[in-house]
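One letter stands for each residue in the lines below.
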Amino acid sequence: MERISIANPVFKGNEKKYLTECIDTGWVSANGRFVKEFQSEFAKFCGTDYAIACSNGTVTLHLALIALGIKPGDEVIMPTLTYIATANAVKMVGGTPVFVDSDPDTWNVDPAKIEAAITPRTKAIIPVHLYGLSCDMTAIMDISRKYNIPVVEDAAEAHGAMWDGKRVGSMGAIGSFSFFGNKIITCGEGGMVTTNDEELYNTMKLYHSQGVDPKQKRYWHMVAGYNYRMTNMQAAIGLGQLEDIDWHIGERRRVSASYNSKFQDMLDGYVTVQKVANPENHVYWMNCIELTDKVKKERDQVMAEMEQKNIEMRPLFYPMHVMPPYEDKSASFPIAEKIGARGICLPTHAGMDEEKIEYVVKSLQEIICE
Ligand SMILES: *Cc1c(COP(=O)(O)O)cnc(C)c1O
């Protein structure tokens, strides 16, 4: 079997045509039609009034926290089980990330634990729609309203996932997305912030392009901002991808349904997966498994043996509180620690055929079932 990679972007639409237009016309930097179209189409897709295209998904989180006025001494509540960019963005504004544990069924941040972690210094909450599964946004927005604390949705892995009929990124004060090469849709590197709040939009717009206010004269800067702009070339690819996003999500759901039925047939009792309340909630950035106690091997051993069968695997994210930048030896988040130690991400991409899915699950069966 040829090597099965963990992720694999698929460009089946207008990406190349649009990119060629950038080169042919010379519109390669941030001033070009694709940036504007990508922004307005993405906002439409999410159901928000505004969207700003940025250079990557980490800086979109940074902009969101700037717009919310997070400063040194402020606390921002987030899951310990996430990708490190979520925590790093809080560091970028000098804030303090406050970690909370996960829900054992969904692996997403547990709303009750968010509420328990609130202090007078809490200035924002960042739920992360982990691996493509929407958090319980009803519970989280109830907490947001009750304590008047704004929510930034880290939707970097979950473009198109829905909660109660609404797209992720449209429910909190701000939504944040990534278009890195392995995400639901990609433009190489890229990000997008979404919001319905005109004031937050204006602040993020200002900081994302060196503090220039388009209503003022040229080269007149209102604040010390950043260059977080997306190029027209990135947006050309992104717009092409966005035009096909329903296909991309449909493909991921097909792959996931196939994995799940094979897990039932071949790995019953040996693995568990994220529990999904409603099919609209999950877009399956990655199909992940947690090895149950029935599996006697260590997780890393299982991954090494899969690697020998030419299948690329990823460990689940390590919780933030166990890694050097955020290490807290006094903290205990047993659920995130267990998922982080026993979890594996399986190859998941649009266009992945049945033969490959079958080979991955059969290989797992040989390795973990005794
Ligand atoms: C990918 C990702 C980001 C950051 O995106 P980049 O585009 O890589 O900067 C942020 N948060 C989460 C949860 C992610 O998975």
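It should be emphasised that the depicted structure is a prediction, and the values quoted were computed from it without experimental measurement.

Draft legend 1. Quick look at the overall build of the protein. A count of helices and strands for the protein gives 12 helices and 13 strands. Here the C-alpha radius of gyration of the protein, 21 Å, is about what a compact globule of 370 residues would show, namely 21 Å. Structurally, the protein occupies a C-alpha span of about 70 × 55 × 35 Å along its principal axes. With 370 residues in all, the protein has 56% of them scored as buried. Residue pairs at least 24 apart in sequence account for 71% of intrachain contacts in the protein once pairs closer than 6 positions are excluded. Surface summary for the protein: the accessible area is close to 15800 Å², and the carbon and sulfur share equals 52%.

Draft legend 2. Representation of the site of the ligand within the structure. Lining the immediate surroundings of the ligand are 14 residues, of which Gly57, Thr58, Glu157, Ser178 and Lys183 lie closest. A distance of 3.4 Å is found between an oxygen atom of the ligand and a side-chain nitrogen or oxygen belonging to asparagine 56. The side chain of glutamate 157 places a nitrogen or oxygen atom 2.5 Å from an oxygen atom of the ligand. Contact with the protein chains removes 94% of the 390 Å² of surface that the ligand exposes when unbound. Contributions of two or more residues to the shell around the ligand are made by α3 (57–67) and α4 (85–92). Of the residues that constitute the shell around the ligand, the class distribution is 4 nonpolar, 7 polar and 3 charged.

Draft legend 3. Here's a closer look at the domain arrangement of the protein. What the domain assignment reports for the protein is domain 1 (15–244) and domain 2 (246–368). Using C-alpha coordinates to define each centre, domain 1 is positioned 26 Å away from domain 2. With 40 residues of domain 1 in contact, the opposing surface of domain 2 contributes 37 residues. Surface buried jointly by domain 1 and domain 2 totals about 3400 Å² across both partners, of which 63% is contributed by carbon and sulfur atoms. Of all residues in domain 1, Trp107, Tyr131 and Ile184 bury the most surface against domain 2, accounting for 25% of the area lost on that side. Connecting domain 1 to domain 2 are 0 salt bridges. The interface formed by domain 1 and domain 2 includes 22 residue pairs in polar contact (both at pLDDT 80 or more). For the side of domain 1 that touches domain 2, the secondary structure elements donating two or more residues are α4, β3 (96–100) and β6 (162–163). Across the side of domain 1 that touches domain 2, the residue classes break down as 19 nonpolar, 12 polar and 9 charged.

Draft legend 4. Representation of the pairing of strand β2 (residues 75–79) in the model. The element β2 is largely enclosed, with a buried count of 5 among its 5 residues. Both faces of β2 are covered, namely the face carrying Glu75, Ile77 and Pro79 and the face carrying Val76 and Met78. Bridging between β2 and β3 involves 5 bridges; their strand directions are parallel. When the bridges of β3 are listed, glutamate 75 appears paired with threonine 96. Handedness of the β2-α4-β3 crossover: right-handed. Inspection of the sheet shows β2 paired to strand β4 (residues 122–125) by 3 bridges, in the parallel sense. Each bridged residue has a counterpart across the sheet, and for valine 76 the counterpart in β4 is alanine 124.

The rules behind each value
Residues numbered from 1 in each chain as written. Predicted model: local features only at pLDDT ≥ 70, side-chain atom pairs only at ≥ 80, totals over all residues. Heavy atoms only, no water. Helix = DSSP H or I, 4+ residues; strand = E, 2+ residues; numbered from the N terminus. Rg over C-alpha atoms; globule rule 2.2 N^0.38 Å. Buried < 20%, exposed > 50% of the residue type's maximum accessible area, 1.4 Å probe, protein only. Contact = heavy atoms within 4.5 Å. Areas by Shrake-Rupley, 256 points an atom, 1.4 Å probe, with all protein chains shown as cover. Near = heavy atom within 4 Å. Polar contact = N/O pair within 3.5 Å; in protein donor to acceptor, adjacent residues only side chain to side chain. Nonpolar A, V, L, I, M, F, W, Y, C, P; charged D, E, K, R; others polar. Domains from an automatic or database assignment. Buried area = accessible area lost by both parts, 1.4 Å probe. Salt bridge = Lys/Arg side-chain N within 4 Å of Asp/Glu carboxyl O. Pairing = 2+ DSSP bridges. Right-handed = clockwise from strand over helix to strand, strands pointing away.

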